[in-house]
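Here is what each chain is made of, one letter per residue.
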Amino acid sequence: MTNYATEFCAVERKQGFDEACTWMQKKLKPETAGGESDHFWSEPQTKALITMLSDGYGIDEISATLGKTIQQIYAKRRLLASNGVVSKPVPPSEIKNSARVNLLSWLNKVKITLN
């Protein structure tokens, strides 16, 4: 066992699992090399993200402009969406289904059938 694991078990026995988890989170260093995280966003970066999302910029453009990974942008967007600041992103499966429904309704209007 690592030192952290040993100490985690000791804290868990004394204070309970939730307190041990809180203790461990304080001990671990946040990952800054990518990964899915919404941490380390400055206020100007957050405001720029909100503006760029509302202006319709693509994720790649936002990533290049803000210097954040795509995973970090998605994580921050989910957090902002859960707080009602930005709209929730539409899952790709819904976009695909919506496009299919629109195509089929258009085909029905023009009386074209698919074989």
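Predicted, not measured: the structure shown is a model, and the values here were computed from it.

Conventions and cut-offs
- Residues numbered from 1 in each chain as written.
- Predicted model: local features only at pLDDT ≥ 70, side-chain atom pairs only at ≥ 80, totals over all residues.
- Heavy atoms only, no water.
- Core = buried A, V, L, I, M, F, W, Y, C linked by side-chain atoms within 4.5 Å.
- Buried < 20%, exposed > 50% of the residue type's maximum accessible area, 1.4 Å probe, protein only.
- Helix = DSSP H or I, 4+ residues; strand = E, 2+ residues; numbered from the N terminus.
- Contact = heavy atoms within 4.5 Å.
- Expected span 1.5 Å × (residues − 1).
- Arc of directions from axis to C-beta.
- Patch = residues over 30% accessible without salt bridge, like charges linked within 9 Å, V, L, I, M, F, W, Y side chains within 5 Å.
- Areas by Shrake-Rupley, 256 points an atom, 1.4 Å probe, with all protein chains shown as cover.
- Salt bridge = Lys/Arg side-chain N within 4 Å of Asp/Glu carboxyl O.
- Phe/Tyr/Trp six-rings, centres within 6.5 Å; stacked < 30°, edge-to-face > 60°.
- Lys NZ or Arg CZ within 6 Å of the ring centre and 35° of its normal.
- Axes fitted to C-alpha atoms, helices over the stretch in contact; angles between N-to-C directions.
- Left-handed = near helix turned anticlockwise from the far one by under 90°.
- Nonpolar A, V, L, I, M, F, W, Y, C, P; charged D, E, K, R; others polar.
- Parallel < 35°, antiparallel > 145°, perpendicular 65-115°, else oblique.

(A) Layout of the nonpolar core. Counting residues in hydrophobic clusters, the biggest one holds eleven residues: Trp41, Leu49, Met52, Leu53, Ile59, Ile62, Leu66, Ile73, Leu80, Ala81 and Val86. Elements that contribute at least two residues to this core include exactly α3 (43-54), α4 (59-66) and α5 (70-82). Beyond its immediate stretch of four places on either side in the chain, Ile59 contacts Ile70, Ile73 and Tyr74. With five residues, the next largest nonpolar core counts Val11, Ala20, Trp23 and Met24 among its residues.

(B) Seen up close, α3. The end-to-end C-alpha distance of α3 is 17 Å, a good match for the 16 Å that twelve residues give at a rise of 1.5 Å each. Those residues of α3 that sit buried are Thr46, Leu49, Met52 and Leu53. Buried residues in α3, looked at end-on, bunch into an arc of 130°, giving them a common side. Pointing more than 90 degrees away from the buried face of α3 are the exposed residues Glu43, Pro44, Lys47 and Ser54. At its buried positions, α3 is contacted by α4 and α5.

(C) Fine view of a nonpolar patch on the surface. Together, Leu103, Trp106 and Val110 give the surface a local cluster of nonpolar side chains, amounting to about 290 Å² of exposed area. When you line up the elements, Leu103 lands in helix α6 (residues 92-109).

(D) Just the packing of aromatic side chains, in detail. All told, the structure shown has one aromatic pair when counted by the stated rule. Ring geometry for Phe8 and Phe17: centres 6.2 Å apart, planes at 85°, overall edge-to-face. Residue placement shows Lys68 over the ring face of Trp41; its charged tip is 4.8 Å from the ring centre.

(E) Up close: the packing of helix α1 (residues 3-15) against helix α2 (residues 17-27). Across the interface, α1 lies against α2 with an axial gap of 7 Å and an inter-helix angle of 145°. Between α1 and α2 lies a crossing of right-handed hand. Here α1 contributes Tyr4, Glu7, Phe8, Val11, Glu12 and Gln15 to the contact with α2, which in turn contributes Phe17, Glu19, Ala20, Cys21, Trp23, Met24 and Lys27. Grouping the constituent residues of the contact of α1 with α2 by class yields eight nonpolar, one polar and four charged.

(F) Highlighting the packing of α4 against α5. Close contact between α4 and α5 brings their axes to 9 Å; oriented N to C, the two are set at 105°. Classified by the angle between their axes, α4 and α5 sit roughly perpendicular to one another. On the side of α4, the interface is formed by Ile59, Asp60, Ile62 and Ser63, while α5 contributes Ile70, Ile73 and Tyr74. The residue inventory of the contact of α4 with α5, partitioned by class, reads five nonpolar, one polar and one charged.

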